[in-house]
Amino acid sequence: IANSTTYVYGVGQGPEVSLMVPTSQAAVATGLNTPQEVATDSLGNAYLADSGQGKVLKFAAGASAASAGTSIVTGLTAPTGVAVDGTGDVYIADSGKVIEIPANLNGTLNTAGQKVLDSGLGTNLKLAVDGYDNVYVTDPDNARVLKIANPAFASTGYGIKTVGSGFKKPSAIAVDNAGDKHIA
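All of these numbers come straight from a predicted model, not from anything done at the bench. (Residues numbered from 1 in each chain as written. Predicted model: local features only at pLDDT ≥ 70, side-chain atom pairs only at ≥ 80, totals over all residues. Heavy atoms only, no water.)

The strand order E4-E5-E6-E7 describes an open sheet built from four strands, whose pairing is antiparallel. Each edge of the open sheet is held by one strand with a lone partner, namely strand E4 (35-40) and strand E7 (70-71). Inspection of the sheet shows strand E6 (residues 55-59) paired to E7 by two bridges, in the antiparallel sense. Bridge assignment links Leu-57 to a residue of E7, and that residue is Ser-71. (Pairing = 2+ DSSP bridges. Helix = DSSP H or I, 4+ residues; strand = E, 2+ residues; numbered from the N terminus.)

What follows is the structure, given as structure tokens:
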């Protein structure tokens with residue numbers, strides 16, 4: 001939907017995700033089990049973590065009819081978070097770990113190049129990415145928020161540090177254009 005504001009309708013309840021624009025609503029995803037988090041890339045493709053199916057699904061930009069999406073990677077258990085950085089790399093929070101699936105120069109995801117960025121985390125993780133492609137992770141079981149630094153800006157590869165602690169159970173995170181973190 002070019003040049004419009006798009007809203008995701010629903011909060012993980014029911015088997016469907018819809019897109020809403022100011023004048024209409026159209027279902028774009030069907031057959032979902034437990035949708036958790038949604039992210040979009042710069043091309044307008046949507047990625048949805050469905051923990052009930054153990055999948056992260058991709059929905060092509062401009063889709064006008066509801067679909068079941070395309071699974072982008074195998075071997076997931078119960079993904080609860082998904083985020084996409086400025087280069088098209090996809091990050092997935094799944095069962096206590098954060099996985100990166102890099103994008104090739106043409107924008108195709110390179111699933112053979114996937115790597116685990118952090119493990120030993122709690123469950124129900126949520127993700128966000130800032131303008132420098134740093135990944136932020138809410139870890140409610142350990143009452144903290146982590147930053148996984150983009151290796152292009154870190155001297156020793158992916159640097160992982162706690163950027164917020166003392167939370168009761170942080171359940172969501174967003175990063176605005178100024179780099180401020182908003183944590184629920």
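What the four strands build is an open sheet, ordered E12-E13-E14-E15; its pairing is antiparallel. Both edges of this open sheet fall to strand E12 (126-129) and strand E15 (160-165), since each of them pairs with a single strand only. The sheet shows a mean angle of 25° between the axes of neighbouring strands, taken without regard to direction. Here strand E14 (residues 144-148) runs beside E15; their pairing, made up of five bridges, is antiparallel. From the neighbouring strand, Lys-147 faces E15, where its bridge partner is Lys-161. (Axes fitted to C-alpha atoms, helices over the stretch in contact; angles between N-to-C directions.)

The next thing to look at is unusual backbone geometry. At Asn-124, a position not held by glycine, the phi torsion is positive, near 55°. Its place among the elements puts Asn-124 in the loop between strand E11 (115-118) and E12. The class for Asn-124 is partly exposed, based on a relative accessible area of 38%. Backbone geometry places Ala-143, a non-glycine residue, at a positive phi of 50°. Tracing the sequence through the fold places Ala-143 in the loop between strand E13 (135-139) and E14. (Buried < 20%, exposed > 50% of the residue type's maximum accessible area, 1.4 Å probe, protein only.)

Time to look at the pairing of E14. Both E13 and E14 contribute to a ladder of five bridges, which runs antiparallel. Across the sheet, residue Thr-138 finds its bridge partner in E14, namely Val-145. In this antiparallel pair of consecutive strands, E13 and E14, the connection spans four residues, and Ala-143 shows a positive phi of 50°.

Here we come to the environment of Asp-141. Summarising the element assignment, Asp-141 is placed in the loop between E13 and E14. With residues up to four places along the chain from it excluded, the contact list for Asp-141 reads Gly-122, Thr-123 and Lys-169. Reaching out from Asp-141, the side chain makes a polar contact with the backbone nitrogen of Thr-123 at a distance of 2.7 Å. (Contact = heavy atoms within 4.5 Å. Polar contact = N/O pair within 3.5 Å; in protein donor to acceptor, adjacent residues only side chain to side chain.)

Our next topic: the side chain of Asp-139. With respect to the element layout, Asp-139 can be found in strand E13. A relative accessible area of 0% means that Asp-139 is categorised as buried. Side-chain polar atoms of Asp-139 contact the backbone nitrogen of Gly-122, separated by 3.1 Å. When neighbours within four sequence positions are excluded, Asp-139 is seen to be in contact with Leu-121, Gly-122, Leu-125, Arg-144 and Pro-170.

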